[in-house]
Amino acid sequence: MIMTMTEAEKYQALRQLVKLTDVTGQGKMSALRHGMEEVLTPRQKQLVHMYYIEQKPMQLIAEELGLDVSSVSRTLKRARRNLYTFLRYGGRSLLCELEN
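Summary of the structure given here.

Reading guide: rules and limits
Chains are numbered independently. Their residues run from 1 in the order of the written sequence. Totals for whole chains, interfaces and linings use every residue, but because this is a predicted model, local features are given only for residues with pLDDT of at least 70 and side-chain atom pairs only at 80 or more, for both listing and counting. As a convention, hydrogens and water are excluded, and side-chain values are obtained from all of the structure's heavy atoms. Numbering of helices and strands runs from the N terminus, with a helix taken as a DSSP run of H or I at least four residues long and a strand as a DSSP run of E at least two residues long. A contact between two residues is defined here by any heavy atoms of the two lying within 4.5 Å. What makes a salt bridge here is a side-chain nitrogen of Lys or Arg within 4 Å of a carboxyl oxygen of Asp or Glu, nothing more. Burial classes: relative accessible area under 20% of the type maximum marks a residue as buried, over 50% as exposed, and values in between as partly exposed (1.4 Å probe, protein chains only). A pair of aromatic rings is counted whenever rings of Phe, Tyr or Trp (Trp by its six-membered ring) have centres within 6.5 Å, and the orientation is called stacked for planes under 30 degrees apart, edge-to-face for over 60 and tilted otherwise. What goes into a patch is any residue over 30% in relative accessible area without a salt bridge, connected to like charges within 9 Å or, for nonpolar side chains (Val, Leu, Ile, Met, Phe, Trp, Tyr), within 5 Å. For accessible areas, the Shrake-Rupley method is used with a probe of radius 1.4 Å. Any residue's cover is judged against the shown protein chains and nothing else. Charged-residue counts in this description rest on Lys and Arg as positive and Asp and Glu as negative, His and the chain ends being excluded. Each charge is placed at NZ for Lys, CZ for Arg, CG for Asp and CD for Glu. Take the residue count of a helix, subtract one, and multiply by 1.5 Å to get its expected span. Nonpolar cores were defined as sets of buried Ala, Val, Leu, Ile, Met, Phe, Trp, Tyr and Cys residues, with membership established by side-chain atoms within 4.5 Å.

Some details on the environment of Ala79
Looking at the secondary structure, you find Ala79 in helix 5 (residues 69-90). In this structure the C-alpha to C-alpha distance between Ala79 and Val48, which are 31 residues apart in sequence, comes to 7.4 Å. What Ala79 contacts, discounting residues up to four positions off in sequence, is Leu40, Gln44 and Val48.

In structure tokens:
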């Protein structure tokens, strides 16, 4: 049986992952952080940090950066999709190693 994640579960998992990789460290987490930096644009990295680490609402991020809320939302959605793809394909073996 294949279990699928709900959008809320994906959101929470991504938030936990971003927090883990935000901590300065070495080894496998450093490799994961490096991989994440490879798949995100500079703007996506900035917004992911502001939204997931600083936990700022999209409206506040939009105001601070002079963007529309819809632009912030779209950029975060693309970042999540890129990270999901990275974790599903490129990062899967790395995540399995982290569990051991």
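Considerations on the pattern of salt bridges
Taken as a whole, this structure holds two salt bridges when the rule is applied. Close ionic contact of Glu54 with Lys56 constitutes a salt bridge, the shortest N to O distance being 3.1 Å. In this structure Glu54 comes out as partly exposed when scored by relative accessible area, which is 38%. The partner of Glu64 in a salt bridge is Lys56, with the nearest N and O atoms 2.9 Å apart. A relative accessible area of 43% means that Glu64 is categorised as partly exposed. Each of Glu54, Lys56 and Glu64 takes part in a single network of salt bridges with overlapping partners.

A closer look at the side chain of Thr75
Among the secondary structure elements, Thr75 is positioned in helix 5. Accessibility expressed as a relative area gives 14% for Thr75, which makes it buried. Dropping the residues within four chain positions of it, Thr75 is found in contact with Arg43, Gln44 and Leu47.

Let's talk about the packing of aromatic side chains
Taken as a whole, this structure holds one aromatic pair when the rule is applied. Between Tyr51 and Tyr52, the aromatic rings sit 5.1 Å apart at their centres with planes inclined by 85°, giving edge-to-face as the arrangement. Grouping residues by exposure puts Tyr51 and Tyr52 together as buried.

A short note on a positive patch on the surface
A contiguous patch of positive charge on the surface is contributed by Arg74, Lys77, Arg78 and Arg81. If you trace the backbone, Arg74 turns up in helix 5.

Brief notes about helix 3 (residues 42-53)
Counted at 1.5 Å a residue, the expected span for helix 3 with its twelve residues is 16 Å, and the 16 Å between its end C-alpha atoms agrees. When helix 3 is considered as a whole, its buried residues turn out to be Gln44, Leu47, Val48, Met50, Tyr51 and Tyr52.

Some remarks on the nonpolar core
Of all hydrophobic cores here, the largest spans 17 residues; its most connected members are Val18, Leu47, Val48, Tyr52, Ile61, Val72 and Leu76. Sorting the residues of this core by element identifies helix 1 (7-22), helix 3, helix 4 (58-65) and helix 5 as the ones contributing at least two each. For this core, the element with the highest residue contribution is helix 5, accounting for six residues.

Purely spatial values, then, with no claim about function.
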